[in-house]
Amino acid sequence: MPNNDINPFYRRKTLTDINQFYGRKEEIKKVFSLIRVAESCSLIGERRIGKSSFLQYIIHPQTRASYGLPLERYIVGYFDFLGYTNLTPSDFWNLILEELSYEINDEKLSLKIEEMRKSEIKLQDLSRLMKELHQKGFQTTILLDEFEYAASNPNFDLSFFGGLRNLSTNCGLAYVIASTNDLLELYYVKNVIGSPFFNIFTNVFLGPFPEDEALELIKSPLEESCVSFSEKDVDFIFKIAGLHPFFLQLACYHLFDAYKSKQLKEEEARFRHTLANFKNDALRHFKYYWDNSNDEEKIIFAALSILEQRDSRGFRRGELEGVLDEKQLKSLENRGLIKNAVSPQTGAKPEVMVFSSAFGEWIVEEITSQRGTVSFEEWVDKVKPKGRINEAASAVRNTLSKVNPRYWEMLTRWVSQPGNLDKGKKLLETMFTGILNAGIICDFVFSQ
Ligand SMILES: Nc1ncnc2c1ncn2[C@@H]1O[C@H](COP(=O)(O)OP(=O)(O)OP(=O)(O)O)[C@@H](O)[C@H]1O
Ligand SMILES: [Mg+2]
């Protein structure tokens, strides 16, 4: 009998129970269609978007079988590079062969693998083994999580990655590698590994869920529970978590807890409890996204969050065009950190906004808090900016004196870029003058 009291939502762990996995239908189809024909793919997604859960799901025998990849033929080896910074190629292959040996139902081959694992594993031996597997009708796929660690491991040199490519081209081996970045963008890959290895990969992006899959994630776990979420609850969850599976789980987890608490009988009290706990858990992830964004992205985040909060003043997406970098906007959208949605404040046509209202609040606090003891004038005096930067500093003097000093340099540099002096200055004035005059940095979830 299911226990109705148990919270069915997840707070942080990677999913290993396939019954708790939702959505990703398109991406799964795509990955399996590649594996079926021995093609490799690179799974790219922002931190916490669900890469490891995805790999756990597709590796599961039940999933493979249900997508028409019979276990007697399609075998997989899984390895997570997280924390393995100094692994040698031979150690790596030893671990992979151990994984494969559990999958192979062939005594002779299993013995052969056992033998190979007793000493240093060489590419020629692997090549022979993989060819034999191929001839015996096995299609082998290797799933590699946190591939960034492999790309920056000094023991994995050009010949190691060349070997991986060789095994794929000549012996029918396929790879599914998961990483946060498009690996070809990484310095190490560009300069040390070279691109030939990565030419064999088709990119599959993991982004936010489509709305129907997000609804499934919210509603299905409640089917065997005595709690149910109302439409208003769902709107509230979408508002604070966006369509991001990890944050959806987190918001649902705390709202479920609020329903179970005897003290929280009113909707508003439940929302307050959920938001406070959600923010607490989400904080370090928000900080990670912020710290791992470049200056242009930070400016986009700041502009969208601040202007969203003062939407009543009639700010529109159109005003951002030509000021914010379209390419960066697109990249943030792909990473799931901004979205096109109808603003709860105005209910008008969809506008671009930060994916989660709680993330927006965090950004506003970050960019406007911790005002130091040094005035903007004193800072300018100390730094002595020259040329365009000096011109920009004079233009934004009044505005930046009200911003967290940590961001003075970033914003001044941004305004000093060609074409930004007028528009950039106007945007900053719109953002910061409004914020400080109206004193609107507040918890706006309840201001609808
Ligand atoms: N398809 C899904 N169905 C339900 N929940 C999901 C799904 N994908 C992700 N989640 C939720 O997101 C959380 C994070 O997932 P996961 O650990 O797989 O992300 P990740 O991309 O590997 O993160 P990291 O980059 O930090 O390694 C899980 O604990 C789970 O709560
Ligand atoms: Mg992971």
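The subject of this paragraph is the site of ligand 1. Around ligand 1, a shell composed of 22 residues is seen, among which Y10, G50, S52, S53 and F246 lie nearest. Counting only elements with at least two residues in the shell around ligand 1, the list comes to α2 (51-59) and α12 (245-260). For the shell around ligand 1, a count of residues per class yields eight nonpolar, eight polar and six charged. The residue makeup of the shell around ligand 1 includes at least three contributed by each of domain 1 (24-206) and domain 2 (211-291).

The five strands lie next to each other as β2-β3-β4-β1-β5, forming an open sheet whose pairing is parallel. Strands with a single pairing partner mark the edges of an open sheet, and in this sheet they are β2 (74-80) and β5 (201-206). Sheet twist, expressed as the mean angle between neighbouring strand axes with direction ignored, is 15 degrees. Here four bridges tie strand β3 (residues 139-145) to strand β4 (residues 174-179), and the two strands are oriented parallel to one another. Bridged to T141 within β4 is A174.

In contact at an axis separation of 10 Å, helix α10 (residues 211-219) and α12 are set at 35 degrees when each is read in the N-to-C sense. When the axes of α10 and α12 are compared, the crossing they make is right-handed. Two secondary-structure elements touch here, α10 through A214, L217 and I218 and α12 through P245, L248 and C252. For the contact of α10 with α12, a count of residues per class yields six nonpolar, no polar and no charged.

Core analysis: the biggest nonpolar cluster contains 109 residues, and L144, I237, L248, A251, C252 and A303 have the highest contact counts within it. Sequence-distant contacts of A251, that is, excluding residues within four places in its chain, are made with I237, I240, A241, T274 and F278.

Moving on: helix α16 (residues 357-368). The end-to-end C-alpha separation of α16 is 17 Å, in line with the 16 Å expected for 12 residues at 1.5 Å each. Among the 12 residues of α16, nine are classified as buried, and the element is accordingly described as predominantly covered. Here α16 has its buried residues at S357, A358, F359, G360, E361, W362, I363, V364 and I367. On its buried face, α16 sits against α11 (231-241), α13 (267-291), α14 (295-309) and β7 (351-354).

Turning our eyes to something else, we now look at the environment of Y102. Here Y102 shows up in helix α4 (residues 89-103). On the basis of neighbour count, Y102 is assigned to the exposed category, with 11 C-beta atoms found within 10 Å. Taking the C-alpha atoms as reference points, Y102 and V76, 26 residues apart in sequence, are found 9.4 Å from one another.

A positive phi angle is found at R48, which is not glycine, with a value near 75 degrees. Considering the arrangement of structural elements, one finds R48 in the loop between β1 (40-45) and α2. Classification of R48 as buried rests on a count of 22 C-beta atoms within 10 Å.

Calculation criteria
- Residues numbered from 1 in each chain as written.
- Chains lettered and ligands numbered in written order.
- Predicted model: local features only at pLDDT ≥ 70, side-chain atom pairs only at ≥ 80, totals over all residues.
- Near = placed C-beta within 6 Å.
- Helix = DSSP H or I, 4+ residues; strand = E, 2+ residues; numbered from the N terminus.
- Nonpolar A, V, L, I, M, F, W, Y, C, P; charged D, E, K, R; others polar.
- Domains from an automatic or database assignment.
- Pairing = 2+ DSSP bridges.
- Axes fitted to C-alpha atoms, helices over the stretch in contact; angles between N-to-C directions.
- Left-handed = near helix turned anticlockwise from the far one by under 90°.
- Contact = placed C-beta atoms within 7 Å.
- Core = buried A, V, L, I, M, F, W, Y, C linked by C-beta atoms within 7 Å.
- Buried ≥ 20, exposed ≤ 12 C-beta atoms within 10 Å, placed from the backbone.
- Expected span 1.5 Å × (residues − 1).

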